[in-house]
Amino acid sequence: MVKKKLVATLIGITTIASMLAGCGSAKTTESAQAAGNEAQTTETASADSAEKETIRWAVMTNGLDYYTALVGIEYGIYEKYGLDIELTEYAWGINTVDAIVNGTADVGNLADYAAVNRFGNTSKDTNLVMFTQLSGGGAKTGGLYVAPQYAEDLSSLDGSEGFITTVGTVTDYYNSLIIEYLGFDESKQNLLNTDSAQTGLALAQNGEASAVFASGSNEAYYQNYGWVLAVPASEIGIETYSYLITTREFSADNTETLGKLLQGINESYEYVGEHIDDVAKFLEGKTGVKADDFKATWAATNLSIGFNDAGVGQLQKIEEWAYAHERFAEEYDVTQFIETEALELAFPDKVTYTK
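Keep in mind the model is a prediction, meaning the values are calculated, not measured.

A. Quick peek at the sheet that holds strand E12 (residues 242-247). With respect to topology, four strands assemble into an open sheet ordered E5-E12-E6-E13, the strand pairing being antiparallel. Of all strands in the sheet, those with a lone pairing partner are strand E5 (108-111) and strand E13 (303-306), marking the two edges. Sheet twist, expressed as the mean angle between neighbouring strand axes with direction ignored, is 40 degrees. In this structure, strand E6 (residues 128-135) lies alongside E12, joined through six bridges in antiparallel fashion. Looking at E12, one finds that methionine 130 is bridged to isoleucine 245. Its contacts with the sheet place helix H3 (residues 93-101) against E5, E6 and E12, and it is angled at close to 140 degrees to E5.

This is the structure in structure tokens:
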């Protein structure tokens, strides 16, 4: 079953394709079953759904968690694991976790920076935990894009029109890493706050910005305005991880169910990788995302279930940066918010971080 509810004001990011914004809600109910190569859709839950375990999954509109969840539903992957997935869309990852806190969702996702800040600002009274990585690793694409007049002399970026950002999101962290890499005084740089990916592109088109971190499909849009890749993300040291979140109570009471969810997610990843063209066409018809944009974002992202030293180290590195930049009042141990029982049940070989 899929429930669609566009929530909150759209906040743009440069690491994934542009999101949709909306208010109000529209709901539909779907139950997809594998039958040869076709999926059967009904307006009411099937009789079998009463025997399935329901997971209310809050996803980010036009995020890869949303796309792969739709694939798993459409092609009967979650059904195979005895799961009835109820999806609710939100404009931003942090909204998915708010849904868990207010009791309208069981699981949601957060990128590394948002997770660190959430735990840092609620460390003494939260029951939220991360129970798997969803994606992460060395950047495949992306990096620092600059307006053409800066391409031959990056030192001229110092004090220039400005670095495009979205305050309070991971782009703050990316820009800090970029400015440090360039050897500039961060306090003397212009940070241009935007509310959407489209706003950032408008600044680039109008010559009102000088630099941005871009990845995936957004790279092509900046290139269309003559912007060039000045430094790849791998050279700067920029990586992005995302994590699946639930509560300690839900994890303890539904360990086996969460394990099945992780198995379904993993199989959905594999299915997309093996049928990328068909999946891109399906998602274009289902969500409106351009097939080429989806494929570009997919190619730019490392998707994998598990918890490894790199993923935990990313959280620790961001926690140190965020505390130093006064994003929260006290340092904390981010590993206290990692819960791996469901992951160990589903994929014992994928829990490899040093405890």
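B. Expanded view of helix H1 (residues 64-74). Where burial is concerned, most of H1 is hidden: eleven out of the eleven residues are buried. Every buried residue of H1 is accounted for by Leu64, Asp65, Tyr66, Tyr67, Thr68, Ala69, Leu70, Val71, Gly72, Ile73 and Glu74. Directly after H1, the chain includes glycine 76, whose backbone phi takes a positive value near 70 degrees.

C. Inspection of the environment of arginine 248 at higher detail. The residue arginine 248 is located in helix H9 (residues 248-253) in this model. Classification of arginine 248 as partly exposed rests on a relative accessible area of 34%. If we ignore the near neighbours within four places in the chain, the residues touching arginine 248 are Asn127, Val129, Gln336 and Phe337.

D. Summary view of the pattern of salt bridges. Per the stated rule, a full pass over the model turns up nine salt bridges. Among the ionic pairs, glutamate 53 bridges to lysine 260, the shortest N-O distance being 2.9 Å. With glutamate 53 in strand E3 (residues 53-60) and lysine 260 in helix H10 (residues 255-274), this pair connects stretches of sequence that are 207 residues apart. The salt bridge involving aspartate 106 is made with arginine 56; its shortest N-O contact spans 2.8 Å. Taken together, the residues span a long stretch of sequence, with aspartate 106 in the loop between H3 and E5 and arginine 56 in strand E3 at a distance of 50 residues. On the accessibility criterion, arginine 56 (28% relative accessible area) is partly exposed.

Each value, and the rule that gives it
Residues numbered from 1 in each chain as written. Predicted model: local features only at pLDDT ≥ 70, side-chain atom pairs only at ≥ 80, totals over all residues. Heavy atoms only, no water. Pairing = 2+ DSSP bridges. Helix = DSSP H or I, 4+ residues; strand = E, 2+ residues; numbered from the N terminus. Axes fitted to C-alpha atoms, helices over the stretch in contact; angles between N-to-C directions. Contact = heavy atoms within 4.5 Å. Buried < 20%, exposed > 50% of the residue type's maximum accessible area, 1.4 Å probe, protein only. Salt bridge = Lys/Arg side-chain N within 4 Å of Asp/Glu carboxyl O.

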